[in-house]
Each structure stands twice: as structure tokens, then as C-alpha cells.
Amino acid sequence: MNAGKQLFFEDFPAGARLEFGHYAVTKDEVIAFASAFDPQPFHLDEAAAARSMLGGLAASGWHTCAIGMRLICDGFLNITDGRGAPGIEEVKWLKPVRPGMILSMQADVISARVSQSRPSIGIVQFRLTLRDETGSPVMVQDNAIMIGKRGAKRQAHPNLKRESATPFLPFDEAGTIPPFADMQTGQRIVLGSMSFSESAVIEFARRYDPQDFHLDHEAALNGPFGALAASGWHTAACWMRCFIDTVQRSGSAVQPGPSPGFSNLRWLKPVYAGDTITYDTRAIEKRLTSRPGWGLVKAKNTGINQHGAAVFEFESVNFWKVT
């Protein structure tokens, strides 16, 4: 049994509902997160944000997801024998999250089943609804969490093995993104690389995902990944930073706007402290919208570690300024 845990797979039957949380969003935190991971004007500057589609300063969508993760950890996950999450089926950002909002979470168990390949754990499908202080939903998220069964020994997944120390070198240099009119579907654009230092892994986890296998080497050795690993939201936020850095070096004609959400996010392998991840994007669909001057771009995005293994992927949707 996982010592110190109080909740297990059996405590999350289909139909269960949990409600918890009281998270005060501040202007300083909105700007700090955006400065680190999503430095777009509508997340950084009140005057620029007022002129944007969002109509005022708003948190990055990835920041909203990270806040949701913190609420889940504090609400139930840190007393639960959690074994990680394989990914996120869908996130919808329903309204901007503003400084001054007080956020809470509703977690509904949609289904629960025992894993066929790993009978010591169960897979619990959640629908997570993040609400503001008026009860209005600001984000809806569908995803599964792997949870140990009561009495089962906690151990690393047998398929999660560290690669050899041999580096994988043939990454392309970071590129640029063309304007909407010139964008070609299927074209791979390398966004750049991010290294996950131990201190950065722990700092992000301490703020937004304080599970023991993201915080403590000793605990991580007996955790689901077998070593200290970055929060999945840290991995995703670093993709966003590389994307915005690429946008900024691509010139003023390249102007993405806000995103309504994303889908099919998969954390394929752990990102360990010390890893370097190279991110890319490929447009898979683009179209004009009914909003004058704006198009919509759907893209497939990936992250590859220094050994050449894919660790992360998702499908994004962004408004895009048509010039």
C-alpha cells in the first residue's frame, strides 16, 4: 500500500461528485506566469489587452489549466494514490480568467474501470469544471487519472524506462511561422528547445502540481515514473513559450490570437529533470471565420526529447490575424 494515502480507486465510483477550492487570481500572478510561458500582450499589458479580442487582461489558458491542477492536488489528489495521467481528451476555455476572480472546482466521475494491462490500478475518467465566484464555468476539462487500488503496491510502470545517455543530435534549427495566407498544412516548423533543470521542475510543481514525484527525489524513486519528473503542465507550458518565441521572431505579419481550447493531449513519456525537449508545430487545417480579419488554425504539436523519443503531443486551435 502507498503509505500516507487515504483515497484509492475504490473511492471514486462512477457518478461521484467532488466540489472544492478557493483560488484567488491576482494580477501579479497572471503577468508572472505569462512572462515565463506565454508572453502575449493580452496576458501582460492592461492597455494592449483592452484592445484585444479578450477585452482586458486575462490569464493564459495554460495558466488556467495549471491553477486547475493545483486545485485538484489540494482538493483530493495529494491524499490519493495517484499514478499520473495519460493525457487530456479536451479542454474548453469558456471565458477569460481575470485578476480578482475566485476559482473553485467541480470534479465529476464519468466512469471508473480497472486497467486490463495493470490490474493494480484503476482508470478514473473525470469531467472537471472550473468556476468563478459567481458559479459561471470558465473551463471544462475531460481526462482520465490513474489511481492505485486499495492494498496494491505502488511501483513504476514497467514500460517507463530511462533511455541511454547517448544524445540524439539531428534536430533542425528553430524556424519561423509564415503569415496566415502563406501557411501550408502539413509543414513542420521547429519552435525551439527547452531544458528542464531540477530546480525548474520543482519550482513549477511546488506552485501548481505538488505531487511527490514532481517534488522529491526519494519519493520519486518509488513513484510511477521511477525518477523526478516534470509536471505535464510544465511540459505543455514550455511548448507555449517556444511557440510565442517563434511568433515573435517571425515578424509583425504573424499575429495569433486567443485559443478556445485544445484536444487529444498526450503525455507519452515522462520528462525527467535534466531532459531537453524540442517542440514543433504543423498546421493541419486553416479557414476563415465569420469574425472580420480573423482566421482559425488547427495544428498538431509535439515534443521530442534528447534521445529522439516523443514525449508530448496535442492538437491546438487558435484564432489567427489575416493580413
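Residues numbered from 1 in each chain as written. Predicted model: local features only at pLDDT ≥ 70, side-chain atom pairs only at ≥ 80, totals over all residues. Heavy atoms only, no water.

Attention now moves to the overall build of the chain. In terms of regular secondary structure, the chain is built from 8 helices and 10 strands. Across its three principal axes, the chain shows a C-alpha extent of roughly 60 × 55 × 35 Å. Counting over 323 residues, the chain shows a buried share of 52%. Within the chain, residue pairs in contact and separated by at least 24 positions form 73% of the contacts whose partners lie at least 6 positions apart. (Helix = DSSP H or I, 4+ residues; strand = E, 2+ residues; numbered from the N terminus. Buried < 20%, exposed > 50% of the residue type's maximum accessible area, 1.4 Å probe, protein only. Contact = heavy atoms within 4.5 Å.)

A separate point is the pairing of strand 7 (residues 261–267). Consecutive side chains of a regular strand alternate in pointing toward one face of the sheet and then the other. Of all 7 residues in strand 7, 5 are buried; the element is thus mostly enclosed. Note that strand 7 and strand 10 (residues 310–321) share 5 bridges and pair antiparallel. Along strand 10, the bridge assignment pairs R266 with E313. (Pairing = 2+ DSSP bridges.)

Here we take up unusual backbone geometry. The phi dihedral of N264 falls on the positive side, at around 55°, and the residue is not glycine. With respect to the helices and strands, N264 occurs in strand 7. Classification of N264 by relative accessible area gives partly exposed; the value is 34%.

Two packed helices can be described by the angle between their axes and the distance between those axes. Where helix 1 (residues 27–37) meets helix 8 (residues 232–249), the closest approach of the two axes is 8 Å, and the angle between their N-to-C directions is 70°. Regarding the angle of helix 1 to helix 8, the classification is roughly perpendicular. On the side of helix 1, the interface is formed by F33, S35, A36 and F37, while helix 8 contributes H234, A237, C238, M240 and R241. Among the residues making up the contact of helix 1 with helix 8, the classes are represented as 6 nonpolar, 2 polar and 1 charged. (Axes fitted to C-alpha atoms, helices over the stretch in contact; angles between N-to-C directions. Parallel < 35°, antiparallel > 145°, perpendicular 65-115°, else oblique. Nonpolar A, V, L, I, M, F, W, Y, C, P; charged D, E, K, R; others polar.)

Another aspect to go through is the side chain of S115. Here S115 lies in the loop between strand 3 (102–114) and strand 4 (121–131). Overall, the relative accessible area of 7% leaves S115 in the buried class. Within the structure, the side chain of S115 is placed 3.4 Å from the side chain of S117, a separation counted as a polar contact. Setting aside residues up to four positions removed in sequence, S115 forms contacts with I121, G122 and I123. (Polar contact = N/O pair within 3.5 Å; in protein donor to acceptor, adjacent residues only side chain to side chain.)

Taking a probe equal in size to a water molecule and rolling it over the atoms shows the remaining empty space. Going through the model one piece at a time under the given rule, you end up with 2 cavities of 30 Å³ or more. Of the pockets and cavities examined, the largest cavity occupies roughly 150 Å³. Considering the residues around the largest cavity, the lining is formed by 16 residues, among which M183, T281, A283, V297 and A299 are closest to the centre. Within the residue set of the lining of the largest cavity, elements represented by two or more residues are helix 8, strand 8 (276–288), strand 9 (294–304) and strand 10. The residue makeup of the lining of the largest cavity, split by class, is 9 nonpolar, 6 polar and 1 charged. (1 Å grid on protein atoms, 1.4 Å probe; cavity = no way out; pocket = protein on both sides within 12 Å on 5 of 7 lines; lining within 4 Å. Points joined across faces, edges and corners; volume = space filled by probe spheres on them.)

Let us now look at the nonpolar core. Of all hydrophobic cores here, the largest spans 83 residues; its most connected members are W62, L103, W233 and F262. If you tally residues by element for this core, the top one is helix 8, at 10 residues. In contact with F262, other than residues within four places in its own chain, are W62, C65, I88, E90, V91, W93, W233, F314, E315 and S316. (Core = buried A, V, L, I, M, F, W, Y, C linked by side-chain atoms within 4.5 Å.)

Relative to the assigned elements, S250 resides in the loop between helix 8 and strand 7. Apart from residues no more than four positions distant in its own chain, S250 is found in contact with T176 and I177. A distance of 2.8 Å separates a polar side-chain atom of S250 from the backbone nitrogen of I177. Within the local environment of S250, its side chain forms a polar contact with the backbone oxygen of T246, the two atoms lying 2.6 Å apart.

The contact between helix 1 and helix 5 (residues 198–208) brings their axes to 14 Å, and the two run at 150°. It follows from the interaxial angle that helix 1 and helix 5 lie roughly antiparallel. Crossing geometry of helix 1 relative to helix 5 is assigned as left-handed. Touching E29, F33 and F37 of helix 1 are F204, R207 and Y208, all from helix 5. Looking at the contact of helix 1 with helix 5, its residues break down into 4 nonpolar, no polar and 2 charged. (Left-handed = near helix turned anticlockwise from the far one by under 90°.)

This brings us to the layout of surface pockets. There is about 680 Å³ of room inside the largest pocket. If you go around the largest pocket, you meet 40 residues; those closest to its centre are G84, A85, P86, M146 and F225. Contributing elements (two or more residues each) for the lining of the largest pocket: helix 4 (61–75), strand 4, strand 5 (137–148), helix 6 (212–215) and helix 8. The greatest single-element share of the lining of the largest pocket, amounting to 4 residues, is contributed by strand 5. Across the lining of the largest pocket, the residue classes tally to 23 nonpolar, 13 polar and 4 charged.

Take the sheet that holds strand 2 (residues 87–93) next. Taking strand neighbours across the sheet as the criterion, the 10 strands line up as 1-3-4-5-2-7-10-9-8-6 in an open arrangement whose pairing is antiparallel. Strand pairing shows two members of the sheet lacking a second neighbour, strand 1 (17–24) and strand 6 (188–195), which therefore form its edges. On average, each strand axis in the sheet is tilted by 20° relative to the strand beside it, whichever way the strands run. Where strand 3 and strand 4 come together, 10 bridges link them in antiparallel fashion. Bridged to V114 within strand 4 is G122. Seen against the sheet, helix 4 touches strand 1, strand 2, strand 3, strand 4, strand 5, strand 7 and strand 10 and runs at an angle of roughly 120° to strand 1.

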